[in-house]
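# A structural walkthrough
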Amino acid sequence: MMTVRATAQDARDPLSGVTVADVADPGPPEAGWVPVDVRAAALNHHDLWSLRGVGLPADRLPMVLGTDAAGTDPDGRAVLVHAVLSTPGWEGDETLDPARTLLSERYPGTLAERVWVPARNLVPKHPDLTWAEAACLPTAYLTAYRLLFTAAALRPGRTVLVQGAGGGVATAAIVLGRAAGLRVWVTSRDEAKRARALEIGAHAAFATGERLPEQVDAVVETVGEATWGHSLRALRPGGTVAVAGATSGAMPPADLNRIFFRSLRVVGATMGTRDELVAVQEMLVATGARPVVDDVLPLSAAPQALARLAGGDVVGKLVLTVGAPARREP
Ligand SMILES: NC(=O)c1ccc[n+]([C@@H]2O[C@H](COP(=O)([O-])OP(=O)(O)OC[C@H]3O[C@@H](n4cnc5c(N)ncnc54)[C@H](OP(=O)(O)O)[C@@H]3O)[C@@H](O)[C@H]2O)c1
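This one's a predicted model, so the numbers in the text were calculated from it and none came from an experiment.

What counts, and at which threshold
Residues numbered from 1 in each chain as written. Predicted model: local features only at pLDDT ≥ 70, side-chain atom pairs only at ≥ 80, totals over all residues. Heavy atoms only, no water. Helix = DSSP H or I, 4+ residues; strand = E, 2+ residues; numbered from the N terminus. Rg over C-alpha atoms; globule rule 2.2 N^0.38 Å. Buried < 20%, exposed > 50% of the residue type's maximum accessible area, 1.4 Å probe, protein only. Contact = heavy atoms within 4.5 Å. Phe/Tyr/Trp six-rings, centres within 6.5 Å; stacked < 30°, edge-to-face > 60°. Lys NZ or Arg CZ within 6 Å of the ring centre and 35° of its normal. Domains from an automatic or database assignment. Salt bridge = Lys/Arg side-chain N within 4 Å of Asp/Glu carboxyl O. Nonpolar A, V, L, I, M, F, W, Y, C, P; charged D, E, K, R; others polar. Axes fitted to C-alpha atoms, helices over the stretch in contact; angles between N-to-C directions. Parallel < 35°, antiparallel > 145°, perpendicular 65-115°, else oblique. Arc of directions from axis to C-beta. Near = heavy atom within 4 Å. Polar contact = N/O pair within 3.5 Å; in protein donor to acceptor, adjacent residues only side chain to side chain. Areas by Shrake-Rupley, 256 points an atom, 1.4 Å probe, with all protein chains shown as cover. Pairing = 2+ DSSP bridges.

## With respect to the overall build of the protein
Secondary structure assignment for the protein yields nine helices and 18 strands. At 19 Å, the protein has a C-alpha radius of gyration in line with the 20 Å of a compact globule built from 330 residues. Seen through its C-alpha atoms, the protein measures out along the principal axes to roughly 55 × 40 × 40 Å. When the 330 residues of the protein are sorted by exposure, 53% land in the buried category. Long-range pairs, those at least 24 residues apart, make up 71% of the contacts in the protein with a sequence separation of at least 6.

Below is the structure:
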């Protein structure tokens, strides 16, 4: 089967470690796992971190990349793959299992013609979503849902600032925030991305670091050092910065004085639960909102797609497909 694997790691040149190759199906790693024939798999910054040597120990190479997939199970049912793997028997929020892992960290990921997952990690795919749209949900849309509605506990009418408007999680937060009745403000370094953010649902767009007209209830933060100070300054007293990423660096000045003096909340989140994955799909179906897909390419074009992701010239998700082009799928 065709796979996209990390075969080497380089912090400066992550793309040098990507290999597209046919390999034998490894079969189930443990009892109770089932194969999913992948129809579409979205790329995430997580794939670049793995190629840089962050979060994926070198002794696990080669490793099939990918944390997002939609495909068919052995009974031919259309499914989404929940990429958070908790310990068998774990009860409750699986992201809080100390031993949890994501697909492509310990077990082969989704950038392949077939991926094996625990049967409990399958979620029925709604027919209203295309394969490409469905493939965006398990990482970026799940994470954005968790940040907005669980970590920041936002309600309709509240104002959220989304940093780094073009990113996969950021565009998901714009789409979901707008659909939920939030007032959505964004920042981006790039004028074209700010314009695109307005098209997909943002109410206002600002240059990165620009002073805002008023303070916000919450910030969705995935950029890290480059925007952290602005995120804290943007919050009203008692506001929440919901953080799930640190693309530009993970060690900004903490500004503890501001955090305690203004009673700010800093809440971290990684991915979400299977229940939240079900909920985000239901929300999209109910509201008619849809994931922002920047481009759809064949699985074999993964190196070019990863190069685009690394270059940052993307608004929304890059999706790889197996078989028929996903845009034509129901
Ligand atoms: N914890 C989790 O579960 C989870 C889940 C998904 C993602 N993440 C993390 O969240 C981050 C974003 O992931 P993603 O997949 O959404 O990535 P992505 O699509 O590659 O996001 C790129 C965005 O980051 C912004 N950015 C990057 N460097 C910047 C800088 N120096 N200054 C300002 N903005 C910068 C850019 O915004 P503009 O160009 O618009 O300014 C760009 O649009 C990654 O670090 C990823 O690992 C975590």
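## Topic: the packing of aromatic side chains
The full count for this structure, using the stated rule, is three aromatic pairs. Their ring planes at 55° and their centres at 4.7 Å tell us that tryptophan 33 and tyrosine 107 sit as a pair that is tilted. A residue pair is termed long-range when its members are at least 10 positions apart, and tryptophan 33 in strand 3 (residues 33–42) and tyrosine 107 in the loop between strand 8 (101–102) and strand 9 (114–118) qualify at 74 residues. With respect to class, tryptophan 33 is no different from tyrosine 107; both count as buried. Centroid distance tryptophan 185 to phenylalanine 206: 5.6 Å. Interplanar angle 65°. Geometry classified as edge-to-face. Taken together, the positions of tryptophan 185 in strand 12 (residues 183–188) and phenylalanine 206 in strand 13 (residues 204–207) put the pair 21 residues apart, joining distant regions of the chain. Here the guanidinium or amino end of arginine 52 rests over the ring plane of tryptophan 49, the centre of that ring lying 5.1 Å away.

## Examining the domain arrangement of the protein
One can read the domain layout of the protein as domain 1 (2–136 + 291–321) and domain 2 (140–268). Placing a centre on the C-alpha atoms of domain 1 and another on those of domain 2 gives a separation of 26 Å. At the junction of the two partners, domain 1 supplies 14 residues and domain 2 supplies 13 residues. Between domain 1 and domain 2 we count one salt bridge in total. Here arginine 146 ties to aspartate 93 by a salt bridge, and the two come within 2.7 Å at their closest N and O atoms. Along the lines of polarity and charge, the residues of the side of domain 1 that touches domain 2 split into six nonpolar, six polar and two charged.

## Describing the environment of alanine 119
Of note, alanine 119 is situated in the loop between strand 9 and strand 10 (122–124). Placed 88 residues apart in sequence, alanine 119 and alanine 31 show a C-alpha to C-alpha distance of 9.7 Å. Once residues lying within four places of it in the same chain are set aside, the contact partners of alanine 119 are Gly32, Trp33 and Val34.

## Structural notes on the pattern of salt bridges
Scanning all chains against the criterion turns up 13 salt bridges. Note that arginine 308 and aspartate 294 form a salt bridge whose closest N and O atoms lie 2.9 Å from each other. Taken as a pair, arginine 308 in helix 9 (residues 302–311) and aspartate 294 in strand 17 (residues 293–298) lie far apart in primary sequence, 14 residues in all. Here arginine 308 falls in the partly exposed class, since its relative accessible area comes to 30%. What you see here is one network of salt bridges that share partners, running through Asp25, Asp37 and Arg114.

## Notes on the packing of helix 3 (residues 137–151) against helix 8 (residues 274–287)
Remark: helix 3 packs on helix 8, axes separated minimally by 9 Å, with the N-to-C direction vectors making an angle of 90°. Comparing their axes, helix 8 and helix 3 come out roughly perpendicular. Residue-level contacts link Leu137, Pro138, Tyr141, Leu142, Tyr145, Arg146, Phe149 and Thr150 of helix 3 to Glu276, Leu277, Ala279, Val280, Gln281, Met283 and Leu284 of helix 8.

## Concerning helix 9
The periodicity of an α-helix, 3.6 residues per turn, causes residues three or four positions apart to be oriented the same way. Within helix 9, the full set of buried residues consists of Ala302, Ala305, Leu306 and Leu309. The arc that holds the buried residues of helix 9, viewed along the axis, is 100°, so those residues lie on one side. Helix 9 presents Gln304 and Gly311 as exposed residues on the side facing more than 90 degrees away from its buried surface. The elements touched by buried residues of helix 9 are strand 1 (2–6), strand 2 (18–22), helix 1 (45–52), strand 17 and strand 18 (317–321). Directly after helix 9, the chain includes glycine 312, whose backbone phi takes a positive value near 80°.

## Some details on the site of the ligand
Neighbouring the ligand are 25 residues; His45, Ser188, Lys193, Ala244 and Met271 lie closest to it. Between the ligand and the protein, one listed contact pairs an oxygen atom with a backbone N or O atom of glycine 166 at 3.3 Å. Alanine 244 places a polar main-chain atom, nitrogen or oxygen, 2.8 Å from a nitrogen atom of the ligand. Relative to its unbound accessible surface of 910 Å², the ligand loses 87% to contact with the protein. Contributions of two or more residues to the shell around the ligand are made by helix 1, helix 3 and helix 4 (168–179). When grouped by side-chain class, the residues that make up the shell around the ligand number 10 nonpolar, 13 polar and two charged. Here the shell around the ligand spans two domains, since at least three of its residues come from each of domain 1 (2–136 + 291–321) and domain 2 (140–268).

## Comments concerning the sheet that holds strand 1
Spatially, the three strands line up as an open sheet ordered 2-1-4, and their pairing is antiparallel. Because the sheet does not close on itself, it has two edges, and the strands there are strand 2 and strand 4 (63–64). The pairing of strand 1 with strand 2 spans five bridges and is classified as antiparallel. Residue pairing for strand 2: alanine 6 is matched across the bridge by valine 18.

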